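Residue-level listing of the chains:
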Amino acid sequence: MTSPAPRAVRVAGPADVTALVDLIESAYRGERARAGWTHEADLLDGQRTDPEMVSAAVTARDGVVLVLAEQDAPVACCQLERRDDHVYFGMFAVSPGRQGGGLGRELLAEAERYAREQWHAGEMRMTVIVQRDDLIAWYERRGYTRTGERSAFPYGDERFGLPRRPDLAFETLRRKLG
């Protein structure tokens, strides 16, 4: 029996941008994404992100992008951004062929630890497309609660995709860290 490849969570740098864009796109859009369960391919076409958005997240003064890597290749990532009274969690992606194996849970726990220990954050928040009942349920099993706060999907801004339906919106989920 072979042992699993060594994994490490690290803070992403500018050299990671190309690989992160590919990882995020593969997890959310197009046929590659359908290999996993977290895709948005039935809700949105077009891009999920681009090099400029990922580069901005990687170099942000009040944020980091965490990468879960195996043999230095990213298999999962997330963005953390310090805000006034919480840390925002976003850009969460797990390689489609690796979803369902605990990598997402592992990285989410590390993101919460990072926010709590590095920034002394008391709360993590995120937004999830309201039509993603399965994904919302996954977060609820990890202690996140629905707030009822909704925000509009950025229709007309192709940087975030091409909606396949007219009723997309985001809901804020939150979890106390402590």
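Residues numbered from 1 in each chain as written. Predicted model: local features only at pLDDT ≥ 70, side-chain atom pairs only at ≥ 80, totals over all residues. Heavy atoms only, no water.

> Quick one: what's the story with the UniProt feature "domain: N-acetyltransferase" (unreviewed entry) in the chain, residue by residue and with numbers?
Those residues carrying the UniProt feature "domain: N-acetyltransferase" (unreviewed entry) are residues 7-169 in this numbering. The span residues 7-169 carries 31% helix and 31% strand; its end-to-end C-alpha distance comes to 35 Å. (UniProt positions renumbered as here; feature names shortened; annotations may be inferred. Helix = DSSP H or I, 4+ residues; strand = E, 2+ residues; numbered from the N terminus.)

> Describe helix H3 (residues 51-58), with residues and values.
Along H3, the residues classified as buried are Met 53, Val 54, Ala 57 and Val 58. Along the long axis of H3, the arc covered by the buried residues comes to 135°, so they all point the same way. Between the side-chain oxygen of the N-cap and the backbone nitrogen of Glu 52 there are 3.1 Å, and the N-cap of H3 in question is Asp 50. (Buried < 20%, exposed > 50% of the residue type's maximum accessible area, 1.4 Å probe, protein only. Arc of directions from axis to C-beta. Polar contact = N/O pair within 3.5 Å; in protein donor to acceptor, adjacent residues only side chain to side chain.)

> Explain the sheet that holds strand S4 (residues 73-82) to me, using residue names and the numbers behind them.
Whether parallel or antiparallel, the strands of a sheet pair through hydrogen bonds between backbone atoms. The sheet built from seven strands is open, its strands ordered S1-S3-S4-S5-S6-S9-S7 with mixed pairing. Edge positions in the sheet fall to strand S1 (7-11) and strand S7 (145-152), since each of these pairs with one other strand and no more. Strand-to-strand, the axes of this sheet are offset by a mean angle of 25°, without reference to chain direction. Bridge count for strand S5 (residues 87-94) against strand S6 (residues 123-129) is two bridges, and the pairing is parallel. Paired with Val 87 across the two strands is Met 124, which belongs to S6. In the packing of helix H4 (residues 103-119) onto the sheet, contacts are made with S1, strand S3 (63-70), S4, S5, S6 and strand S9 (169-176), and the angle to S3 comes to roughly 140°. (Pairing = 2+ DSSP bridges. Axes fitted to C-alpha atoms, helices over the stretch in contact; angles between N-to-C directions. Contact = heavy atoms within 4.5 Å.)

> Talk me through the layout of surface pockets; I want residue IDs and the actual numbers.
Approximately 670 Å³ is the volume found for the largest pocket. Surrounding the largest pocket, 28 residues form its lining, Arg 48, Tyr 88, Met 91, Thr 127 and Phe 170 being those nearest its centre. Within the residue set of the lining of the largest pocket, elements represented by two or more residues are H3, S4, S5, S6 and helix H5 (133-141). In the lining of the largest pocket, the residues fall into 18 nonpolar, five polar and five charged. Computed from the structure, the second largest pocket encloses a volume of approximately 220 Å³. Around the second largest pocket sit 17 residues that line it, and Trp 37, Thr 38, Val 94, Gly 104 and Trp 138 are the ones nearest its centre. Sorting the residues of the lining of the second largest pocket by element identifies S5, H4 and H5 as the ones contributing at least two each. Among the residues making up the lining of the second largest pocket, the classes are represented as nine nonpolar, six polar and two charged. (1 Å grid on protein atoms, 1.4 Å probe; cavity = no way out; pocket = protein on both sides within 12 Å on 5 of 7 lines; lining within 4 Å. Points joined across faces, edges and corners; volume = space filled by probe spheres on them. Nonpolar A, V, L, I, M, F, W, Y, C, P; charged D, E, K, R; others polar.)

> Outline the packing of aromatic side chains, supporting the account with residue identities and numerical values.
Going through the model one piece at a time under the given rule, you end up with nine aromatic pairs. Relative to Tyr 139, the ring of Phe 92 lies with its centre 6.4 Å away and its plane at 45°, an arrangement referred to as tilted. Within this pair, whereas Phe 92 is found in strand S5, its partner Tyr 139 is found in helix H5, the two being separated by 47 residues in sequence. Tyr 139 matches Phe 92 in its accessibility class, with the two residues each being buried. Consider the rings of Tyr 114 and Trp 119, whose centres lie 5.4 Å apart with planes at 90°: the pair is edge-to-face. Each member of the pair Tyr 114 and Trp 119 is classed as buried. Chaining the aromatic ring pairs together yields one cluster made of Trp 37, Phe 89, Phe 92, Trp 138, Tyr 139 and Tyr 144. (Phe/Tyr/Trp six-rings, centres within 6.5 Å; stacked < 30°, edge-to-face > 60°.)

> Describe the environment of Arg 29, listing the residues and the values that go with them.
Positionally, Arg 29 belongs in the loop between helix H1 (17-28) and helix H2 (30-33). The class of Arg 29 is buried, set by a relative accessible area of 6%. Considering only alpha carbons, one finds Arg 29 and His 120, 91 residues apart in sequence, at a separation of 34 Å. With residues up to four places along the chain from it excluded, the contact list for Arg 29 reads Glu 40, Leu 44, Asp 45, Gly 46, Gln 47, Arg 48, Phe 160 and Gly 161. Within polar-contact distance, the side chain of Arg 29 engages the side chain of Glu 40 at 2.8 Å. In this structure the side chain of Arg 29 is engaged in a polar contact, spanning 2.3 Å, whose partner is the backbone oxygen of Gln 47.

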